[in-house]
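# What the coordinates show
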Amino acid sequence: MIKNYFKIAFRGFWKHKIFTFINIIGLSIGISASLVIYLIVNYDFTFDKFHKDSDRIYRVVSNFSFQGNPSYSYGVCAPLADAVGNQVSGVEVTAPLYSLGADVIVAGKHNEPVKLKSQDRITLADQNYFKIFHYVWLAGSSTSALNAPYHVVLTSDRAKLYFPSLSYDQMIGKVVTYDTLKTTVTGIVQTITQNTDFSCHDFISFSSAVPKTALGNSLQLDQWNSTNSASEVFIKLSPHTSAANVERQINAVLKKSSPPTPEELKQGSSRSFTVQALKDIHFDEKYGTFDFSSAASKTRLYLLLVVAAFLLLLGCINFINLTTAQAAQRAKEIGIRKTMGSSRMQLVVQFLSETFLITFVAVIISVCLTPLILKLFSDFIAQGVKADFIHQPGIFLFLFALTVVVSVLSGFYPALMLSGYKPVLVLKNQAQSNSHKTRNAWLRKSLTVSQFVIAQFFIMATLQVSKQIYYALHKDLGFKKDAIVFINSPWKHRTAGANQVMLNKLRALPGIELVSAGTAAPSSGSTNTTLATYKDGKKEINSEVEVKYADENYIKVYQIKMLAGRNIQAGDSSTALVINDKYARIIGFIHPHDAVGKDLEKFNGLKNVRIVGVIADFYEHSLQSPVKPLAILASKANDNYQSGTFHVALKPESPAGGDWNKTIAAMGKIWKESYPDDDFDYQFYDKSIAQFYDQEQHTSTLLTWATGLSILISCLGLLGLAIYTTSQRTKEIGVRKVLGASVSQIVTLLSTELVLLIMLAFVIVTPLAWLAMNKWMDNYADKTTISWWIFAASGAGMLLAAVVTSSFQTVKAAIVNPVRSLRSE
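Residues numbered from 1 in each chain as written. Predicted model: local features only at pLDDT ≥ 70, side-chain atom pairs only at ≥ 80, totals over all residues. Heavy atoms only, no water.

## Examining the overall build of the chain
Just so we agree on the cut-off: The helix and strand labels rest on DSSP assignments: H or I over at least four residues marks a helix, E over at least two residues marks a strand, and numbering proceeds from the N terminus. Any two residues whose heavy atoms approach within 4.5 Å at even a single point are treated as in contact. Accessibility throughout is a Shrake-Rupley quantity obtained with a 1.4 Å probe, and a residue counts as covered only by protein chains that appear here.
Within the chain one finds 27 helices and 22 strands. Within the chain, contacts between residues separated by at least 24 positions form 79% of all contacts whose residues are at least 6 apart in sequence. Working note: accessible area of the chain is about 39,200 Å², and carbon and sulfur atoms make up 59% of it.

Here it is as structure tokens:
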């Protein structure tokens, strides 16, 4: 019987090749999208799930508030780890971490020193770290490897890099030097192959940070008021312990060890700790992910799931529409089968088996397409997302479930409808009553409208996201961003002499217009804030102000507009600064020139700091953040931090081009003369600004593809319905042509219903899309408008695509000789 089902199915597919092709293509697109999105979502949601008792592992993070303005950090003060271990109940293990960057020196093949420059993912840790997180030990003691100073545990990949010719056991006792810190290898652990944010590969014993040494002083082990993002604390709770209770105890310890001062209470300043579950770290955008990874976006993942569901739904709608449209052609087959004794259940199984076969073919096509899709979107998809069918058995389970769901979703209603025909009526050519025909027609229309609603929603969303990205990239941010290059001098080799030599040589290059030395560019991802106090005689105005250090050329390089006063000068001391218009208004000056000459009572630990100028506001960060109070101080040439970044304005390129490449090559030679051990790493500032909107660019790419695929699926279904409709109305078309109807009149007749359905879909989708776009735009402090033409373009574009698609068949039917049409009927 099963064999007969499949024989009948294949005959039907071959007889209706076009409809079969449309169904397979539609379902293939939906299933391919679902499979790729499953791989992406599964990848992100499985991070660090493999650790034993992962539900009891937490990270302690810091919360700050000043005058109602919150800020967050995954770093904590260094003394917290010992305090939690000794004073907080319910904590089974406490593990402090401190991230480092260093040059690594190991002995080469012939004992000559081999240097690996500027290595990261190095951390100070103690043995408790390996009690919390799961590692497989390949050599050394898992209980004592980090119990003494100057010991280091390496991951297997890093160990093979340092000592490629040795076995893991032979590596024990070897020396690895980090800058000047000499350590001995006491353990090798297997590099984690599962999805994880914990990518550190060198674990130096925490006790190596001996007090009163450079490393020990950098940790600030006794400073409760200092928070460093390099310092982190992880805890593992005892079984059945409440995380909220532990959090309360930790904050009680903070209050006891570092009580807020009266001045902090007066200013509304506060500090607290939160315990953050391990499962939330990978998705955390507030505090940041552990180590050097960027946070995954749950919003983006949910958007991907919605896209997959919509594309799959469009494919299923096509199948239902085309199957129900062809119902009358199978009526006699069903009537004869019922007359010969087939039960309704047998017919349902037969029709579902046909749906299963089409779905199965679509799944096979999707499996073949998935590696190509992952490669095509490699810039958009994380490197760890792979279609590894051998090592990911869950993929087969997902595909099986997807095949069953799609088969039932697509085939259940058509199977019930077809199997419900009464054999007596069928054999009298009365397969469907008028009520049945009307009901089926309304179903097809409703499903077609749903397709157009989804497709137009994607079009509208794509246009709005693209409009916002264009607005952000082309808006006047308050400074020049084109033809500017910035370079950060290497911190460990940064000296006042080397910086000044580099600066002088850069200024001498013919292709450079201006050079400035300072800290960060006007708009950047870094933040440096301080407390500023202005007293107007009646009251104190305390504000959190962002601070930048710069020389006299900084404002000129970035062409920031001076509103009042003067620019910073070379002879200015740290008691003179330039503020932005935003800060001038906060301290009570409507007119910028009124603020010039006034003194800030307190600023960045200094007293009586003079305001010498006011500049126009500019965006210190992306458009998602509002303009904040800002002050620019004169950088000191002998301060390694204040003069550590070079801002270079290039001269315009000649018509022949290539000038910038020559200038940058010359800059690279100068760099090597000043910092021979460090790579020349420069960046064009306009590209740095564009990186603020990488997430939006990815969203735009996703929506563009979703829009294209949804239009393709909808138009394929539309083409199938047009083919069916024109074939059913062949005799009517012939009669109308004999009676004098023109080709344009017939095409209009056949297309009128389609136009009405698209207009109905437009009316439904417009308010829904407006609400969704308005909600998304709330993420931006400065945003473009939601223009009327977005909706008009979407409706017109969908209408044009649909009419063009259907016209292939309607025009073909309209130009057929009526004699031929009537003879065939």
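## Concerning the pairing of strand β9 (residues 202–205)
Put simply, the rule is: Burial classes: relative accessible area under 20% of the type maximum marks a residue as buried, over 50% as exposed, and values in between as partly exposed (1.4 Å probe, protein chains only). Only strands that DSSP links by at least two bridges are regarded as paired with each other.
Side-chain alternation along β9 places Asp202 and Ile204 on one buried face and Phe203 and Ser205 on a second face that is also buried. In this sheet, β9 lies alongside strand β4 (residues 113–125) in parallel orientation, the contact comprising four bridges. Following the sheet pairing, Leu124 is matched in β9 by Ile204. Two elements, strand β6 (residues 151–155) and β9, share three bridges in a ladder whose sense is antiparallel. From the neighbouring strand, Leu154 faces β9, where its bridge partner is Asp202.

## What to know about a nonpolar patch on the surface
What counts here: Patch rule: a residue counts if its relative accessible area is over 30% and it has no salt bridge; like charges are joined within 9 Å, and nonpolar side chains (Val, Leu, Ile, Met, Phe, Trp, Tyr) within 5 Å. By definition here, a salt bridge exists when the distance from a side-chain nitrogen of Lys or Arg to a carboxyl oxygen of Asp or Glu is within 4 Å.
On the surface, Phe400, Val404, Val408, Phe412 and Leu416 cluster together to form a nonpolar patch covering roughly 440 Å² of accessible area. Take Phe400: it is sitting in helix α14 (residues 394–419). A relative accessible area of 58% places Phe400 in the exposed class.

## A word on the nonpolar core
Cut-off, in case you're wondering: Joining through side-chain atoms within 4.5 Å is the link that ties buried Ala, Val, Leu, Ile, Met, Phe, Trp, Tyr and Cys residues into a set, and such a set is a nonpolar core.
Residues Leu27, Ile31, Ile40, Ile381 and Val385 are the most contacted members of the largest nonpolar core, which totals 48 residues. Per-element tally for this core: the top contributor is helix α2 (residues 17–45), with 12 residues. Leaving out residues up to four positions away in the same chain, Ile381 has contacts with Val36, Ile40 and Leu374. If you look at the next biggest cluster of nonpolar residues, it comprises 29 residues, including Leu477, Val578, Ala649 and Tyr685.

## Re the pattern of salt bridges
Per the stated rule, a full pass over the model turns up 15 salt bridges. Notably, a salt bridge pairs Arg121 with Asp120, separated by 3.2 Å at the nearest N-O pair. For Arg585, the salt bridge goes to Asp581, with nearest N and O atoms at 2.4 Å. With a gap of four residues between them, Arg585 and Asp581 both fall in helix α19 (residues 581–586), about one helical turn apart.

## Overview of the pairing of strand β15 (residues 540–550)
In terms of burial, β15 is largely enclosed, as nine of its 11 residues are buried. Pairing of strand β14 (residues 529–535) with β15, which is carried by seven bridges, proceeds in the antiparallel orientation. Bridged to Ala532 within β15 is Ser543. Between β14 and β15, which pair antiparallel one after the other, the connecting turn spans four residues, and Gly537 there sits at a positive phi close to 100 degrees.

## Things to note about the packing of aromatic side chains
Convention followed: Stacked, edge-to-face and tilted are the three classes for Phe, Tyr and Trp ring pairs, Trp counted by its six-membered ring, which pair at centre distances within 6.5 Å; planes under 30 degrees apart are stacked, over 60 edge-to-face, the rest tilted.
Per the counting criterion, the structure on display carries 31 aromatic pairs. Between the aromatic rings of Phe486 and Tyr685, the centroid separation amounts to 6.0 Å while the plane-to-plane angle is 80 degrees, which identifies the pairing as edge-to-face. Here Phe486 is found in strand β12 (residues 484–488), whereas its partner Tyr685 is found in helix α22 (residues 685–690), with 199 residues between them in sequence. According to the relative accessible area criterion, Phe486 is buried, its value standing at 13%.

## Looking at helix α26 (residues 788–814)
What counts here: To estimate how far a helix should reach, multiply one less than its number of residues by 1.5 Å. Consider a residue and the seven residues that end there alongside the seven that start there; fitting an axis to each set, the bend is the angle between those axes.
For α26, with 27 residues, the first-to-last C-alpha span of 36 Å sits near the 39 Å given by 1.5 Å per residue. At Ser807, α26 is deflected by roughly 45 degrees, the largest bend along its length. Listed as buried for α26 are Ile790, Phe791, Ser794, Gly795, Met798, Ala802, Thr805, Ser806, Gln809, Thr810, Ala813 and Ala814.

## Quick word on unusual backbone geometry
Despite not being glycine, Ala483 has its phi angle at roughly 60 degrees, a positive value. By the secondary structure assignment, Ala483 is in the loop between α16 (434–474) and β12.

## A look at the environment of Ala230
With respect to the helices and strands, the residue Ala230 is situated in the loop between α7 (214–219) and β10 (231–237). Distance in space between the C-alpha atoms of Ala230 and Ser99 is 5.0 Å, their sequence separation being 131 residues. If we skip the residues at most four places from it in the chain, Ala230 touches Leu97, Tyr98 and Ser99.

## A closer look at the side chain of Ser410
Tracing the backbone through its elements, the reader meets Ser410 in helix α14. Leaving out residues up to four positions away in the same chain, Ser410 has contacts with Leu27, Cys316, Phe319, Ile320 and Thr355.

## Describing α2
Taking 1.5 Å per residue as the helical rise, α2 with its 29 residues ought to reach 42 Å, and the 41 Å between its terminal C-alpha atoms agrees with that figure. Among the 29 residues in α2, 22 count as buried, and that is most of the element.

## What to know about the environment of Asn774
Within the element layout of this structure, Asn774 appears in helix α25 (residues 743–777). Classification of Asn774 by relative accessible area gives partly exposed; the value is 30%. Residues Asn774 and Gln464 lie 310 residues apart in sequence; the distance between their C-alpha atoms is 9.8 Å.

## So, the packing of helix α24 (residues 730–738) against α25
Test applied: Axes here mean lines fitted to C-alpha atoms, for a helix over just the part in contact, with angles spanning 0 to 180 degrees between N-to-C directions. What makes a crossing left-handed is the near helix being turned counterclockwise from the far one by less than a right angle; a clockwise turn instead makes it right-handed. Basically, the charged four are Asp, Glu, Lys and Arg, the nonpolar ten are Ala, Val, Leu, Ile, Met, Phe, Trp, Tyr, Cys and Pro, and anything else, Gly included, counts as polar.
Two elements in contact, α24 and α25, have axes separated by 10 Å at closest approach and are oriented at 145 degrees. For the crossing formed where α24 meets α25, the hand is right-handed. Between α24, through Glu732, Ile733, Arg736 and Lys737, and α25, the contact on the second element is made entirely by Ile746, Leu749 and Leu750. Across the contact of α24 with α25, the residue classes break down as four nonpolar, no polar and three charged.

## Comments concerning the environment of Gln170
We apply this condition: N or O atoms closer than or at 3.5 Å make up a polar contact, with two conditions inside protein: a donor-capable atom paired with an acceptor-capable one, and, for residues adjacent in sequence, both atoms drawn from side chains.
Assignment of secondary structure puts Gln170 in helix α6 (residues 168–171). Separated by 31 residues in the primary sequence, Gln170 and Ala139 have C-alpha atoms spaced 9.1 Å apart. Among the polar contacts listed, one links the side chain of Gln170 to the backbone nitrogen of Ser167, at a separation of 2.9 Å.

## Re the packing of α2 against helix α13 (residues 344–376)
Between two packed helices, what matters for the description is the angle formed by their axes and the separation of those axes. The condition that has to hold: Here roughly perpendicular refers to angles of 65 to 115 degrees, roughly parallel to angles under 35, roughly antiparallel to angles over 145, and oblique to all remaining angles.
Remark: α2 packs on α13, axes separated minimally by 7 Å, with the N-to-C direction vectors making an angle of 50 degrees. On the basis of their axis angle, the class for α2 and α13 is oblique. As for the relative orientation of α2 and α13, their crossing is right-handed in sense. Along its contact with α2, which presents Asn23, Ile24, Leu27, Ser28, Ile31, Ser32, Leu35, Val36 and Leu39, the element α13 presents Ile358, Thr359, Val361, Ala362, Val363, Ile365, Ser366, Val367, Leu369, Thr370, Ile373 and Leu374. For the contact of α2 with α13, the residue count by class is 15 nonpolar, six polar and no charged.

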